[in-house]
Amino acid sequence: MLPPGPKLPALMQTARFMAAAPSAFEAYHRRYGPIFTVRYAGFPPEVYVTTAELAEQVYRTDQDGGQAGAARRDFLQHLVGAHSVLTLDGEPWWRHRKTLNPPLRARQVAGYHDDIAAIAAEKIATWPLGRPFALRDRMQEITLEIIIRLVFGISDAGRVGRLRALLPALIATGGSMQVAMLPNRMRGPAARVPITPYARFLKLRTAVDTILFDEIRRRRGTTGGTDVLGRLLGTGLDDQEIRDELITLLIAGHETTATGLAWAFERMLRMPEVLERLPDDEPYLDAVVKEVLRVRPVVYEAPRLLGSPLRLGGYEIPAGWYAGPYIPLVHRDPAAFDEPERFRPERFLAGHQNRGWMPFGGGRRFCVGAQLALLEMRVIIREVLGRLELAAPDQAPEARRLANVTLAPARLTRVIARARTPARTE
């Protein structure tokens, strides 16, 4: 027996997903329970689960037949390439993962602390004062600069300026639903029509690749480098493999981290009791970041393509289907989180890692850049709160909307900033 799901044609289900994914999944959960099937035009059916226990069962397929890379290939390979930890499976994935792990461990990324703080301070100094603006856009400027300088290791002013313009356009076009949901068989014809989003994306990708391949070739044979590119040179990865992993870190760590930061301020500005303890209480700041990512996860799913049938929640899921957690609902599973609707950072203060907490996915495919993202969020929040007083012009919570591959605040976290008055000294 297959899990229940909406009876609408796949094309209409796809349209509903693109128009209002969060409300659609809430409705499916209310009607069908903790496991349901959604069908997208041009793709295999996908079974979503909404409890931590069922999610763990899906993640266990990483050991014997679940293919996270194959599940993402149709949606991401045009962006990140064929040699990315996001799109690889099996031994090639493991080889790349072992190569990426060392430069992205917590101990290594801790060395970026001061650089991240300096980049944040530089950008914060340009923010408008006294009038509303979209904080998520400003956070994207910070996280993009971190990628360019600390991951790509590019310092030439001309190249930095070009990438500042090209990379956001590449992500926006390549991650748009018109491109990401385009079946592979349609990409060839779409590429031949210059006015299509996919043709525009290919032009942007070529421009970015020209810069990255030139940078990789230029730095081949040099020694050292604390940026991620410098640490990948000499690991045995060829130029194409390094390019694909650099773009992977861009896709996984730019828009997603910026959106997490936007949600952090959207939540905190409506909770003065939380702000009162920040930014100097470091353990509490870490707990706040983790609780933000629980109540407002940025990435909504982490699917697997099933290589063999899976018994799940009393149903038999066929091989060739997708299965994965719908993360926002897993994070509200009362069996995993006490009082799941409450924003309560204290639940993370003891350092206990809850099995239901999965903003970076789970299983063997846990996001390799998680430690860098968590460090960025802590450092940037501290820099903002130390320099500015922020207020929300509207105290009503911002709704969630699908923005490329993320669930973002509907109004992009509208804030008003004022310079922080220095504390008086006697």
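Residues numbered from 1 in each chain as written. Predicted model: local features only at pLDDT ≥ 70, side-chain atom pairs only at ≥ 80, totals over all residues. Heavy atoms only, no water.

A. Molecular detail of the overall build of the chain. Within the chain, the secondary structure is distributed over 18 helices and 12 strands. Its C-alpha atoms give the chain a radius of gyration of 21 Å, near enough to 22 Å, the size a compact globule of 426 residues would have. Oriented by its inertia axes, the alpha-carbon framework of the chain measures out at about 75 × 55 × 40 Å. Counting only residues that meet the buried cut, the chain has 58% of its 426 residues in that class. Surface accessibility of the chain: about 18000 Å² in total, with carbon and sulfur atoms responsible for 53%. Charge centroids of the chain, computed over 58 positive and 47 negative side chains, lie 5 Å from each other. (Helix = DSSP H or I, 4+ residues; strand = E, 2+ residues; numbered from the N terminus. Rg over C-alpha atoms; globule rule 2.2 N^0.38 Å. Buried < 20%, exposed > 50% of the residue type's maximum accessible area, 1.4 Å probe, protein only. Areas by Shrake-Rupley, 256 points an atom, 1.4 Å probe, with all protein chains shown as cover. Lys, Arg positive; Asp, Glu negative; His and termini not counted. Charge placed at Lys NZ, Arg CZ, Asp CG, Glu CD.)

B. Region of the structure containing the side chain of Glu46. Looking at the secondary structure, you find Glu46 in strand S2 (residues 46–49). In this structure Glu46 is buried but unpaired, with Arg304 as the nearest side chain of opposite charge at 9.2 Å. Here Glu46 is in contact with Phe36, Thr37, Val38, Tyr40, Glu301, Pro303 and Tyr322, once residues within four sequence places are set aside. (Salt bridge = Lys/Arg side-chain N within 4 Å of Asp/Glu carboxyl O. Contact = heavy atoms within 4.5 Å.)

C. View of unusual backbone geometry. Between Leu278 and Pro279 the backbone carries a cis peptide bond, its omega angle lying at 5°. Tracing the backbone shows Pro279 in the loop between helix H15 (272–275) and helix H16 (282–295). In this model, Glu339 sits at a positive phi of 45°, which is unusual for a non-glycine residue. Tracing the chain through its elements places Glu339 in the loop between helix H17 (327–330) and helix H18 (370–387).

D. View of the environment of Ser23. You can see Ser23 is positioned in helix H1 (residues 10–32). With relative accessibility at 43%, the residue Ser23 sits in the partly exposed group. Sequence separation of Ser23 and Arg400 is 377 residues, and the distance between their C-alpha atoms is 8.9 Å.

Interpretation note: all reported values are geometric properties and have no functional meaning in isolation.
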